[in-house]
Amino acid sequence: MTDDPGSVKTHRRTLAEDPAEAVSWQHLAVESYRAGKGRHALSLFVRAARLHGDGAVLERQIEGVITPALNQALTLMQNGQVDQAAAIIEPLAEVIALRGDFAHVLGVLRLVQGRDDEAARFHAASRMEDSGLGVALAGIARHRADYDFIGTVVIPVYRMEDTIERALDSVLAAVRYHRAASGDAGAKVHVCVVDDASPDDTVSRALRWARAHPEQSVAVIANNRNRGAGRTRNAGAAAAQGRYLWFLDADDHYLERHLFLTIQTLDAAPNAGFVRTGMVFDAIDADITQDWRQASENCYPGNLCVRRDCHDRIGGFPEEAPFHPAVADDVAYSRALHSRFGGLKISEKTVHYTMRPGNALERQRVEMTGGPPSAERQRPDSRFLAIELLTQRRLYRLAADGPPKPPSPPTDAAVWLEKGRELIRGQQPEPAIAVLVRAAALDPANATVWFELGLAANGLNRDALALRGFQAVASLHPDAGAARFNLASLRFEQGALDAAARHLWEALALRPEHAGSLFLLGRTERRRGQAAIAQGILRRAARVEPELGEIRAERAEAALAHGHAVEAMEHALHALALAPALFDGHTALAGALEALGRPDAALPVWERAIRCNPGRGEAFTGRAVNRLIRRFGPPPVPAPRAETGRRLVSTSLGWHGRFGNQLLQYGVLRLYAAQHGLTLEVPHWPGRHLYGLDDPLPGPALPRLPEREVEASVMASLGGVRRVAGGEVLADRDVTAYFCGDTGFLAPHRDAFRGFFTPGPHIRPWTDALTARLRAAGRTVVALHIRRGDFGWGPFWMAPESWYLHWLDAVWPGLDQPVLYVATDDPRCLSSFAAYRPLAAKDLAEPIPGAEFLTDFHVLCEADLVAVSNSSFSFVATMLNRRARSVVRPDKSRQALLPYDPWSSPVLL
């Protein structure tokens with residue numbers, strides 16, 4: 001574009017008549033640029049672009065202007081003139097594409113301004129990974145991750161070498177529980193151990209523990225001489241991180257729910273300054289009087305969670321001489337805290353107060369259990385008088401100078417009950433539980449409170465609390481059949497079938513024609529192996545509710561378990577006539593057809609069941625086994641069963657969880673069986689064909705154990721704990737569990753675990769050919785698992801493709817002849833990775849009928865770099881992968897893919 005003086009005048013006359021004439025502004029911008037007026041030219045270009053919206057034209061004309069402008073902006077920022085730099089480049093952001101140098105300089109500006117999220121976005125757009133901006137942003141993210149604490153546990157120590165590690169273990173267990181229960185895998189709590197000039201090995205043990213647990217933030221600070229508990233706690237509080245403070249004496253320990261409950265409660269109650277929980281008073285817990293329990297729980301610091309600003313505003317723990325050595329400093333602190341701030345109380349016991357020689361619990365145990373006052377309380381002591389005077393002095397000062405305290409919480413259980421219901425209606429179950437716990441503590445005889453608490457806790461799988469709530473209702477109203485039905489439902493879900501059956505018989509004694517109780521009892525008895533009893537009960541249920549398809553489907557399962565396949569088919573067809581989309585009806589019908597030797601007719605029924613509920617394992621397994629038998633014939637002949645006393649059965653394998661989780665369940669149970677000389681019995685599942693496994697089929701029914709009991713016992717045993725839950729081996733039991741927690745207990749057994757899943761003779765040629773084709777495609781195989789399909793709810797959240805792309809952008813340039821493979825159940829997502837020319841299952845192998853998923857799984861087992869989804873499918877693949885040098889997974893808190901160890905990480909986040 002060229003202009004002469006005459007044309008410039010023409011453009012100016014045009015603008016005088018029509019200020020919105022974009023082309024004339026553009027001509028004047030070019031003229032200003034040629035005249036050396038760069039900043040003025042920029043402003044004119046921006047005005048032109050805003051009017052005609054053609055950013056492409058602007059960028060072609062602005063190339064010679066923008067670089068000097070960006071350099072000028074950088075110079076201004078270096079001289080501290082940040083606002084002036086912003087005035088130059090911010091207007092351009094509206095019209096220039098955010099890439100290259102422009103995005104980089106704008107990112108630098110936003111970083112200096114403290115707008116880190118925008119800086120990160122502009123840095124990504126610049127694609128300048130190795131720039132100083134990228135390093136600075138990474139440093140900020142790391143700093144945030146390192147110091148983003150919820151709060152700090154302060155542990156004062158003096159002569160505690162025998163118990164400090166137990167206290168620290170309890171904090172770590174409580175942190176892990178909070179992460180799992182809250183769904184916040186990145187939640188962090190700091191620990192500050194304060195040495196009060198301890199002469200023994202306490203500090204060395206604390207340091208050794210801290211260095212052995214680098215994942216837990218721990219600071220160890222020291223007094224150079226003994227200063228007492230109050231000053232020591234204050235020193236820890238002064239070095240604290242985060243918004244909350246906890247105080248734990250080193251000879252006591254937390255129960256795992258302590259941090260979770262206190263955090264959830266204070267987060268939901270911004271007007272409360274602190275929260276206290278119940279305590280376990282060591283050996284005298286069952287005998288302590290109610291007055292002593294209440295008094296102790298209201299002053300002991302170990303069951304307290306307090307906001308840091310509330311601690312600071314009352315001046316912390318008293319440090320004057322009469323309080324040292326430790327006498328009543330905790331009482332004085334609590335009186336000051338309670339005088340200025342409203343607090344909450346949770347009745348659940350979450351802290352264990354240990355009795356040891358010479359401590360307050362040991363000295364006062366007789367009085368606390370109803371005996372005469374201790375000797376120290378019977379004689380007058382001027383020291384205690386001084387303590388009272390100093391406490392009154394502090395209370396007076398706080399009343400005169402302190403700000404008004406927040407309103408105290410209501411003391412009427414009805415108010416808390418209504419608040420709890422309101423939170424439930426607002427879909428805030430965790431705060432609702434904290435509020436309902438408060439209501440129950442205020443009015444323990446209120447059955448409505450306990451019922452609401454039981455329902456809320458059950459909805460969050462808080463089994464112990466739900467059980468307590470429903471048990472309280474049943475105790476308060478022994479003639480209430482509904483309470484026993486709720487108890488039974490909960491125990492059934494927990495896998496405690498004997499207890500469920502007992503409660504259901506009690507419920508039916510009160511309400512003989514309650515269809516729900518009859519249905520659930522029939523299902524319970526069937527799972528207990530009592531098929532004939534189940535059939536009789538379900539016949540009664542069908543007479544009461546003849547139009548309920550679920551009852552008919554359950555009758556079909558009971559008939560099938562009793563060997564009556566024709567009757568099972570009739571009931572299943574009846575169930576589907578009543579409810580055509582009933583998953584249980586389709587699985588019962590498919591199972592009956594299989595039992596009648598009609599696999600061709602069963603296959604489409606399995607597929608219809610999958611469409612009804614793609615997340616359930618039964619239909620997935622039924623379809624897979626059906627098609628694998630068609631392809632390869634019967635699986636290996638099952639080995640003979642072991643004798644009584646040596647059996648371990650998992651009748652639910654293949655029915656709870658799909659392929660990845662089935663491998664995890666089977667591997668864990670096989671390891672446990674081998675450890676204890678047992679023989680594992682499992683039903684038909686894909687592993688028999690795919691890995692040549694020949695375990696015995698389940699024989700006569702065995703008692704079932706609750707899932708959590710099984711999981712705790714098996715994990716403890718494989719993890720090296722000598723005494724497992726109940727102290728007995730799980731011989732002659734029917735067991736099930738998902739084992740989706742931390743895999744650290746499996747690390748010593750990794751070779752044996754992997755050995756179970758060597759491709760069997762049917763598929764070995766297929767896997768060898770697949771591996772060869774994969775390796776021929778590139779020297780470095782990068783595999784992604786993008787899980788969609790039935791994902792997107794609860795713990796099965798989906799990470800966006802952008803996280804995977806950002807990770808690929810970072811690692812790809814440094815790889816030797818890389819090839820990308822995308823394992824996915826949604827081929828539409830492949831387009832997001834088009835720039836990398838990805839391979840997919842269809843490019844490498846013909847799928848195995850019934851095991852169409854195996855191509856993806858095998859590649860994930862063979863790749864050199866693997867990025868998984870939040871799924872047991874790809875997580876277990878990385879456990880079996882012997883060659884991967886890098887495995888990463890999505891992390892919600894960091895909004896990115898982060899490295900993990902498959903043998904020391906939770907399976908699901």
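Our structure's up above, just so we're on the same page.
Here's what I pulled together on the structure shown here. (Residues numbered from 1 in each chain as written. Predicted model: local features only at pLDDT ≥ 70, side-chain atom pairs only at ≥ 80, totals over all residues. Heavy atoms only, no water.)

## A few points about the overall build of the chain
Then, in step 1: Counting its regular elements, the chain contains 41 helices and 16 strands.
Then, in step 2: Taking all 909 residues of the chain together, the buried fraction comes to 51%.
Then, in step 3: Sequence separation of 24 or more characterises 69% of the internal contacts of the chain that already satisfy a separation of 6 or more.
Then, in step 4: Entry remark: accessible area of the chain is about 40200 Å², with carbon and sulfur atoms responsible for 52%. (Helix = DSSP H or I, 4+ residues; strand = E, 2+ residues; numbered from the N terminus. Buried < 20%, exposed > 50% of the residue type's maximum accessible area, 1.4 Å probe, protein only. Contact = heavy atoms within 4.5 Å. Areas by Shrake-Rupley, 256 points an atom, 1.4 Å probe, with all protein chains shown as cover.)

## Remarks on unusual backbone geometry
Then, in step 1: If you check the backbone angles, Phe 739 has positive phi at about 55° while not being a glycine.
Then, in step 2: With respect to the helices and strands, Phe 739 occurs in the loop between β11 (733–734) and α36 (750–755).
Then, in step 3: Non-glycine residue Arg 837 carries a positive phi angle of around 50°.
Then, in step 4: Looking at the element boundaries, Arg 837 is found in the loop between β13 (818–824) and α39 (841–844).
Then, in step 5: Residue Arg 837 is classed as exposed on the basis of its relative accessible area, which comes to 73%.

## Quick notes on the packing of helix α30 (residues 583–595) against helix α31 (residues 599–612)
Then, in step 1: Interhelical geometry of α30 versus α31 gives an angle of 165° and a closest axis separation of 8 Å. The angle between α30 and α31 falls in the class roughly antiparallel. Relative to α31, α30 is oriented so that their crossing is left-handed. Note on element contacts: α31 touches α30 through Pro 599, Ala 601, Ala 602, Val 605, Trp 606, Arg 608, Ala 609 and Cys 612, opposite Phe 583, His 586, Thr 587, Leu 589, Ala 590, Gly 591, Leu 593 and Glu 594.
Then, in step 2: Here the contact of α30 with α31 is built from residues that sort into eleven nonpolar, three polar and two charged. (Axes fitted to C-alpha atoms, helices over the stretch in contact; angles between N-to-C directions. Parallel < 35°, antiparallel > 145°, perpendicular 65-115°, else oblique. Left-handed = near helix turned anticlockwise from the far one by under 90°. Nonpolar A, V, L, I, M, F, W, Y, C, P; charged D, E, K, R; others polar.)

## Some remarks on the packing of aromatic side chains
Then, in step 1: Scanning all chains against the criterion turns up 20 aromatic pairs.
Then, in step 2: Look at Phe 756 and Phe 757: their rings are 6.2 Å apart centre to centre, the planes differ by 85°, and that puts the pair in the edge-to-face class.
Then, in step 3: Given the relative accessible area of 6%, Phe 757 is considered buried.
Then, in step 4: An aromatic cluster of at least three residues, connected via ring pairs, comprises Tyr 666, Trp 685, Tyr 691, Phe 753, Phe 756, Phe 757 and Trp 903.
Then, in step 5: Here the guanidinium or amino end of Arg 658 rests over the ring plane of Phe 620, the centre of that ring lying 5.8 Å away. (Phe/Tyr/Trp six-rings, centres within 6.5 Å; stacked < 30°, edge-to-face > 60°. Lys NZ or Arg CZ within 6 Å of the ring centre and 35° of its normal.)

## A word on the sheet that holds strand β10 (residues 679–681)
Then, in step 1: Taken in spatial order, the three strands make up an open sheet running β10-β9-β11, and their pairing is parallel. Where the open sheet ends on each side, the last strands, each with one partner, are β10 and β11.
Then, in step 2: As judged from the two bridges shared by strand β9 (residues 647–649) and β11, these two strands associate in the parallel manner. What sits directly across from Val 649, in β11, is Asp 734.
Then, in step 3: Contacting β9 and β10, helix α33 (residues 659–675) runs over the sheet at an angle of about 150° to β10. (Pairing = 2+ DSSP bridges.)

## Side note on the environment of Val 153
Then, in step 1: With respect to the helices and strands, Val 153 occurs in strand β1 (residues 151–157).
Then, in step 2: Separated by 92 residues in sequence, Val 153 and Leu 245 place their C-alpha atoms 6.0 Å apart.
Then, in step 3: With residues near it in sequence (within four places) discarded, Val 153 still touches Val 171, Val 189, His 190, Val 191, Cys 192, Trp 246, Leu 248, Tyr 254 and Leu 259.

## Focus on the nonpolar core
Then, in step 1: Counting residues in hydrophobic clusters, the biggest one holds 72 residues, and the most contacted among them are Val 153, Ile 155, Trp 246 and Leu 259.
Then, in step 2: Top contributing element to this core by residue count: helix α9 (residues 164–182), with eight residues.
Then, in step 3: If near-sequence neighbours (up to four positions away) are discounted, Ile 155 is found in contact with Ile 164, Leu 168, Val 171, Val 191, Cys 192, Val 193, Val 194, Leu 248, Asp 249 and Ala 250. (Core = buried A, V, L, I, M, F, W, Y, C linked by side-chain atoms within 4.5 Å.)

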